[in-house]
Amino acid sequence: MRQTFVAPRRRSSQIALAVSALIAALANPATAQTVAPPVAAPVANANAAQAVATPADASGDATVTTVEISSVKTRSSVAMSGNEIQKILPGVNPLKALETLPGVSFQTADPWGDNEQNLALFVHGFNGQQLGYTMDGVPLGDQQYGNYNGLAPQRAVSSENVRRVVLSTGAGDLGTASTSNLGGTIETYSNDPLAQFNFNAQETVGSHHTSRTFIRFDTGDLGNGNSAYISGLFHEARAWDFDGRQSDDQVNAKFIHNSDAGKLTLYADWSNKTEPNEDSILHGPGINSPYTRPFLYPDFSAALSYLNAAGAPPAAAGSNFQNYYSDAQRTDDLAYVKYDAYLNDNVTWSNQYYFHHDDGVGVVAGPINQAGLPALFSVYFPNQNLKQIFGNSGYATRTTEYEINRDGIVSTLHWDLGDHTIETGFWYEHNRSDAYRRWYALNVNDPTSPYTRPGDLASPLITQYGSNIDNKVVQFHLQDEWKLRPDLALQAGFKSSLQYADGTFPTQELPTAIGSNSTGLPVGEIDTKKWFLPQAGVRWDIDKDDQLFANVQQNMRQFVTYGGGGLSPWSLATQAAFNLFAATAKPETSVTYELGLRDTRKLNLGPITAFDGQIDLYHVDFSNRLLAISSNPIITSFVGGTTLLANVGSVKTDGVDIAGTLHFGRDFSFYDAVSFNRSKYQDNYTSGSSVIQTAGKTVPGSPNWMNKFVATANIGSIETQLTGDYVGRREATYTNDLSIPSYFLMGLNISAKLPSPTSFLKNPRLNLAITNLANRQGILELNGSFVASGSYATYSIPPRQGFLTLKADFQ
């Protein structure tokens, strides 16, 4: 049975228009000035990232600051500047940099934090898909690996162009453009163009054939308030445990026009990224679990000899058999235009239009005789020689082919009325996403490269299913901050969240491939509306050094709109199950309570000259938890069992984050963050005829204890930074019958200023970064596909790696 449908790809007309506008503005800056209507004098831009202040910012001292603590929020909000992010490793994923912050657990297989397939992120017991993400206010979706509504931050902006990353725990700001921010928001902000002409060049080389080249050209002030930059990135590296290729080509461009009337921003991003996936290692009683599970690529002869005549791997390998290759390929076009209109001295109205197109594919080539494949293939090719059909190699290539086309508007009005500051706005997004599951032959005489999309070379043998989801999101928010007196402010507001989703399957999966009771994957509409999600907070400046804050906030996670998998109603096995879900299921909700104290003070305690820190106590009531209950308990199966998606109860979380920095003059600082989190299920759930005893059990994957430190020293022209990351024991199953041990990893970064041999060469620096300094071994992370009991899957700690970066500016 053949399906030759090919989804349309690389529709980038909107990007072309945005880039054309940017080029036109550069060519004729005077024209750009006409965009802003003449009005009264400007007010300060109310950018959330710019509002995050540090002791050094306030005092003007050049002290070493690792983590910045907001003093304008009624909830916990901490940030890292772009300079501090680059000290971890030049080019690092902004999300990975957050592992330094209190309450954050982040792991991934590569040192850059780029590998999305095996990324694990927890904040206060919530996983990465229960957080909200934005870049310059543009929504980035929920960061699922099989993404349907966004893209990763490092694909939206090159790491070297990041100005700041802000983590707000709880549920984040009311105006955050997200439908998934139950447990907090992560906001990434890009740099604006520099005020003077500059050409920046950076080159990184290091372990596993790493080569990372970054260049950026800043025009400087072009007159009439105009400036711009364009940057290019070329990144190549090899996976640490097999011969897999990591590559990233990216272009960013940004144009700014400032006038008395307002600020115009144009931004465009193109990213073409390939990541080698990692196969997780299955653990459990009687399972042989190796330290790594590398792919056999590119040794095709070894891959052929690995299988027997029927296409099966050695029996001794069990579930930890080796596949031939796997990777993730993503091409993204992202653009936005934003105008901050200064309507008068007290009113700013910001409007932002954005567009995003993603064309992606996940590829894996594995044995045809494993992971439930013989049963699936026999549905499409009954009583036939499967090895012969799939090219006589004993392997089949599976793809999941994604396409996202979304655009939207974010509008926010700030109105300063003296003692009251009003903020109101809305977010609208229209997202059209497709997901197609296909199977291709792997020809014994002509094996394909994992870095060539199979659909570019041949038609699929099977199109298992193809989904199309049309989703519209509308959110509205209103908030008032009331200054009762100069040292005391109350904040209250609410937001409304509405989602209208309609899912179809242009290519239906054969019912017998799903289950005996199925008539095909479900189609239909689900509309979810929550009109009132309140928030209230208080901020009290006790004195010039101490600030008390408290906040309570409710939020909701909208249903996942991905066809054919995950926590999505459109993954259910029958139309009847979908109809029942649509009529009875409730979206996940959370109510977060926070109480905290911020302290920033100068000290005269011998060598200790200053301290800044924060303590944050929190409690979360998480309700209507959704769980996909599968009849197939094998974590590594390519073929999911009949799935039930149901609300299975609530989770209660209690925790505390304590973080602070001791400053020893201007040249040395020590930052430390200790976190305790206890997230426990409150209910059992039913799977078939069995009751799964989860009440009172700890949420798997989320550590109870964490401790991080950063010691920074400036000695002459050399800056040295030593980091430590302790992550405590984590439960590995829903019933907590298995767990993984704690780990402690250190990193070292040394940066040296170099002499400048010419007048036009500025700020030459040499940077050495070493990860896993002590070369520890062990389990790094769980793969997130948890089961009730009996087994779990992990990824291992990569070895010590080193990277050398040379960077300089030319003016």
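Our structure is the block above this text.
Scoring rules and cut-offs
Sequence order sets the numbering: in each chain, residues are counted from 1 along the sequence as written. At least 70 in pLDDT is required for a residue's local features to be given in this predicted model, at least 80 for side-chain atom pairs to be given and counted, and no such filter applies to totals for whole chains, interfaces and linings, which use all residues. Values shown for side chains rest on all heavy atoms present in the structure; no hydrogens or waters enter the calculation. Starting at the N terminus, helices and strands are each numbered in turn, a helix being any DSSP run of H or I of at least four residues and a strand any DSSP run of E of at least two. Exposure categories follow from relative accessible area, calculated using a 1.4 Å probe and restricted to protein chains: below 20% of the type maximum is buried, above 50% is exposed, and the middle band is partly exposed. As used here, the term nonpolar core means buried Ala, Val, Leu, Ile, Met, Phe, Trp, Tyr and Cys residues forming a set that is joined through side-chain atoms within 4.5 Å. Whether two residues touch is decided by their heavy atoms; if any such pair falls within 4.5 Å, the residues are in contact. Each Phe, Tyr or Trp ring, with Trp reduced to its six-membered ring, pairs with another whose centre is within 6.5 Å; inter-plane angles below 30 degrees give stacked pairs, above 60 give edge-to-face pairs, and intermediate values give tilted ones. Lysine NZ or arginine CZ positioned within 6 Å of the ring centre and within 35 degrees of the ring normal marks a charge as sitting over the ring. Salt bridges are defined as contacts in which a side-chain nitrogen from Lys or Arg sits within 4 Å of a carboxyl oxygen from Asp or Glu. Paired strands, in this sense, are two strands between which DSSP finds at least two bridges. The convention used is that axes are lines fitted to C-alpha atoms, helices contributing only their stretch in contact, and that angles between N-to-C directions extend from 0 to 180 degrees. Nitrogen and oxygen atoms within 3.5 Å of one another constitute a polar contact, given that in protein one can donate a hydrogen and the other can accept it, and given that sequence-neighbouring residues count only through two side-chain atoms.

A. Representation of unusual backbone geometry within the structure. In this chain, Tyr297 is followed by Pro298 through a cis amide linkage whose omega measures 10 degrees. Locating Pro298 in the fold gives a position in the loop between β15 (281–283) and α7 (300–306). The residue Asn383 is not glycine, and still its phi comes out positive at about 55 degrees. Inspection of the secondary structure assignment puts Asn383 in the loop between α8 (373–380) and α9 (386–389). Under the relative-accessibility criterion, Asn383 is labelled exposed at 84%.

B. Representation of the nonpolar core within the structure. Residues Leu101, Leu121, Met135, Ile186 and Tyr685 are the most contacted members of the largest nonpolar core, which totals 64 residues. Excluding residues that lie within four positions of it along the chain, Leu121 makes contacts with Val104, Ser105, Phe106, Phe126, Asn127, Gly128, Leu131, Tyr133 and Ile186. With 21 residues, the next largest nonpolar core counts Tyr465, Ile514, Val560 and Phe581 among its residues.

C. Highlighting the packing of aromatic side chains. The full count for this structure, using the stated rule, is 30 aromatic pairs. Measuring from centroid to centroid gives 5.4 Å for Phe197 and Phe217, while their planes differ by 75 degrees, and the two rings are edge-to-face. Linking Phe197 in the loop between β9 (184–190) and β10 (198–206) with Phe217 in strand β11 (residues 210–218), this pair joins segments that are 20 residues apart in sequence. We classify Phe217 as partly exposed; its relative accessible area is 31%. One residue, Arg212, lies across the ring of Trp112, its end atom 5.7 Å from the ring centre. Above the face of the Tyr145 ring, Arg330 is positioned so that its terminal group lies 5.2 Å from the ring centre.

D. View of the environment of Phe611. Mapped onto the elements of the fold, Phe611 is located in strand β25 (residues 608–623). Residues Phe611 and Thr600, eleven residues apart in the sequence, show an inter-C-alpha distance of 5.8 Å. If we skip the residues at most four places from it in the chain, Phe611 touches Asp599, Thr600, Arg601, Leu603, Gly660, Thr661, Leu662 and His663.

E. Structural detail: the pattern of salt bridges. If you walk through the whole model with that rule in mind, you get 30 salt bridges. Across the pair Arg453 and Asp359 runs a salt bridge whose closest N-O atoms are separated by 3.1 Å. You can see Arg453 sitting in the loop between β19 (420–443) and α10 (454–457) and its partner Asp359 sitting in strand β17 (residues 347–367), a full 94 residues away along the chain. Each member of the pair Arg453 and Asp359 is classed as buried.

F. Representation of the sheet that holds strand β2 (residues 77–81). Taking strand neighbours across the sheet as the criterion, the six strands line up as β1-β2-β8-β9-β6-β7 in an open arrangement whose pairing is mixed. A single partner strand is all that each edge strand has here, and the edge strands are β1 (68–69) and β7 (138–139). Note: β1 against β2, two bridges, orientation antiparallel. Bridged to Glu68 within β2 is Ala79.

G. Broad picture of the sheet that holds strand β38 (residues 779–782). Taken in spatial order, the three strands of this open sheet run β15-β39-β38, and their pairing is antiparallel. Every other strand in the sheet has two partners, leaving β15 and β38 as the edge strands with one partner each. Strand-to-strand twist of the sheet, defined as the mean angle between neighbouring strand axes without regard to direction, takes the value 45 degrees. Here β15 runs beside strand β39 (residues 792–796); their pairing, made up of three bridges, is antiparallel. Paired with Ile281 across the two strands is Thr794, which belongs to β39.

H. Molecular detail of the side chain of Ser326. Tracing the backbone shows Ser326 in strand β16 (residues 325–344). Within polar-contact distance, the side chain of Ser326 engages the side chain of Asn277 at 3.0 Å. Here Val363 takes part through its backbone oxygen, which lies 2.8 Å from a polar atom of the side chain of Ser326. Setting aside anything within four residues of it in sequence, one finds Ser326 in contact with Pro276, Asn277, Phe295, Val363 and Val364.

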